[in-house]
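Topology and contacts: notes
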Amino acid sequence: MGLRVGLNLLKSVFGRNVQKTIKEVPKRMTRTMTDPSTGIVKMEREITYAGKEATATVEVFPNGVTKTSITGGGDNPIWRTKTITREKNASIFGGDKITVDKEYSKYWCHKTETKLTKEYNPQGVLEHKELEYSKNVGNEYFTNKKAIQDRVYNEYPLTSSADDMLRSPKENRYIKHSVDDKNNYGYFADGSSTNYTRAIEAKKQAAIDAAKKAEAEALAAKEAAKKAAAELKAKQPRINIAKALNKDINELISKETKLADGTIERTFSDPETGKILAKTQDKGILHKEWIYGGKADMIYMKQVGKDEPYIVSKKGNYTQLSYLKGNKQINSQVYYDGESGLKRHCTTEGPYNSAHGYVTVYDSTAAQARKKFPQIAECYPDYTKVRMWQGEAANNSNRLTSAQIQANKYIKELDKDAKQNFVNLDDLLSEYTA
């Protein structure tokens with residue numbers, strides 16, 4: 001870099017007044033050094049500063065930062081840092097946004113800081129400038145100012161520097177200008193409104209509109225998902241398949257058929273075996289469904305409209321019922337094996353211990369009597385089975401026959417077995433709301 005080029009760089013950093021303090025020496029050359037590992041370029045030149053020899057140094061960093069210093073000479077050292085940041089398409093107008101940060105120090109304690117922000121439109125025209133200015137001249141004396149300039153007319157563009165921004169706004173009649181609480185907005189019919197403020201409001205309104213649109217779309221999506229879920233739910237069994245069969249209803253293969261009488265029948269099959277695990281039928285407001293396997297051999301449910309459902313389950317020799325009779329909910333468990341039959345009232349927790357019914361047991365009393373008294377054997381018919389009503393053995397506990405003892409034992413076993421085979425029918429519909 002030649003002497004004049006280096007001087008121009010110093011002029012650009014310190015301003016043209018540097019000519020008053022720096023005297024060119026023809027034989028002095030600028031030393032340029034490049035650090036390949038960091039990309040930092042450093043330039044040095046010996047100069048005359050305030051009548052004495054000094055060193056001027058300029059460091060240019062790859063990120064746009066420039067650091068300049070003058071050390072030695074007949075005056076106090078000077079340090080200056082300049083950072084230029086360009087943000088592509090970040091301006092409120094759609095163009096680039098450029099920020100220039102400068103820090104200038106002299107006399108050790110004197111310091112000036114400026115931050116100039118420039119916003120361009122997509123055509124590269126400067127539309128808006130903001131300057132934050134801070135100056136410290138020592139002895140706790142500070143100056144802080146904020147200035148704004150906005151382009152109004154095509155014929156009067158903004159300058160790209162900060163030089164004119166701290167002047168009196170009254171000096172500018174063709175651009176909008178404010179410095180702290182002073183401005184020239186009275187010169188313009190639209191007052192303080194500018195392209196910048198209008199763009200800000202437009203952006204805010206666009207954000208509000210976008211938020212409302214997103215909210216509306218989210219609500220619509222939620223309603224659509226809710227409707228789709230309701231439509232899918234309407235085509236699935238109302239009995240909770242996960243609880244009844246320990247399977248995910250969505251993993252079963254469904255098939256829909258319209259029967260001759262208009263009934264819509266849907267079957268749900270195991271994807272591996274092809275076995276039908278559930279079936280539903282709908283005709284008008286009448287709904288029926290059958291569940292095969294799982295908690296019971298078979299569960300049948302019938303519902304008319306939104307009435308309480310009627311549910312019956314079969315599990316071995318047990319039949320359970322759940323339905324509404326008048327205003328009373330009926331829950332019962334019935335046992336029948338061809339010879340013995342018992343009926344128990346239930347709660348959702350399980351069957352009561354007390355039961356109504358009978359058990360049939362083998363009675364060896366008659367055979368023993370005939371053997372003991374052969375002369376009157378005809379008085380003891382061979383009734384090998386005896387039907388004992390619930391509670392009958394207990395009522396004759398003072399003189400229990402072997403049949404009564406056996407019946408009591410059998411009833412206790414049935415009570416225990418009934419609890420083990422109980423199915424909570426109401427819980428199977430716990431996630432369903434008609």
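Higher on the page you've got the structure.
Residues numbered from 1 in each chain as written. Predicted model: local features only at pLDDT ≥ 70, side-chain atom pairs only at ≥ 80, totals over all residues. Heavy atoms only, no water.

Section: the nonpolar core
The following threshold applies: Within this scheme, the nonpolar core is defined by two criteria: the residues are buried Ala, Val, Leu, Ile, Met, Phe, Trp, Tyr or Cys, and they are joined through side-chain atoms within 4.5 Å. Here the term buried applies to any residue with accessible area under 20% of the maximum for its type, exposed to any over 50%, and partly exposed to those in between, with areas from a 1.4 Å probe on protein chains only. Helix numbering and strand numbering both begin at the N terminus, where a helix is a DSSP run of H or I of at least 4 residues and a strand a DSSP run of E of at least 2.
If you look at the biggest cluster of nonpolar residues, it comprises 18 residues, and the most contacted ones within it are Ile239, Ile241, Ile291, Ile299 and Leu428. Only helix H4 (241-245), strand S15 (276-283) and strand S17 (298-304) provide two or more residues apiece to this core. For this core, the element with the most residues is H4, which contributes three residues.

Observations regarding the pairing of S17
Where we set the bar: Any two strands are treated as partners once DSSP identifies two or more bridges connecting them.
By the bridge criterion, seven bridges tie strand S16 (residues 286-292) to S17 in an arrangement that is antiparallel. The partner of tyrosine 292 across the bridge, within S17, is methionine 298. The antiparallel pairing of S16 with S17 creates a hairpin that spans five residues between the two strands, and glycine 293 there sits at a positive phi of about 90°. Summarising the sheet, S17 and strand S18 (residues 310-315) pair through five bridges and their orientation is antiparallel. Looking across to S18, one finds that tyrosine 300 is bridged to valine 312. With antiparallel pairing between neighbouring strands as the criterion, S17 and S18 make up a hairpin whose turn holds five residues, including glycine 305 at a positive phi of roughly 60°.

Comments concerning the side chain of glutamate 127
Let me state the cut-off plainly: Polar contact is the term for a pair of N or O atoms within 3.5 Å; when the atoms are in protein, one must be able to donate a hydrogen and the other to accept it, and sequence-neighboring residues count only if both atoms are side-chain atoms. By the convention used here, residues are in contact when the closest approach between their heavy atoms is within 4.5 Å.
With respect to the secondary-structure elements, glutamate 127 resides in strand S9 (residues 126-136). Of note is the side chain of glutamate 127, whose polar atom sits 3.0 Å from the side chain of asparagine 121. Those residues in contact with glutamate 127, other than ones at most four positions away along the chain, are Phe93, Glu119, Tyr120, Asn121, Gln149, Asp150, Arg151, Leu158 and Asn195.

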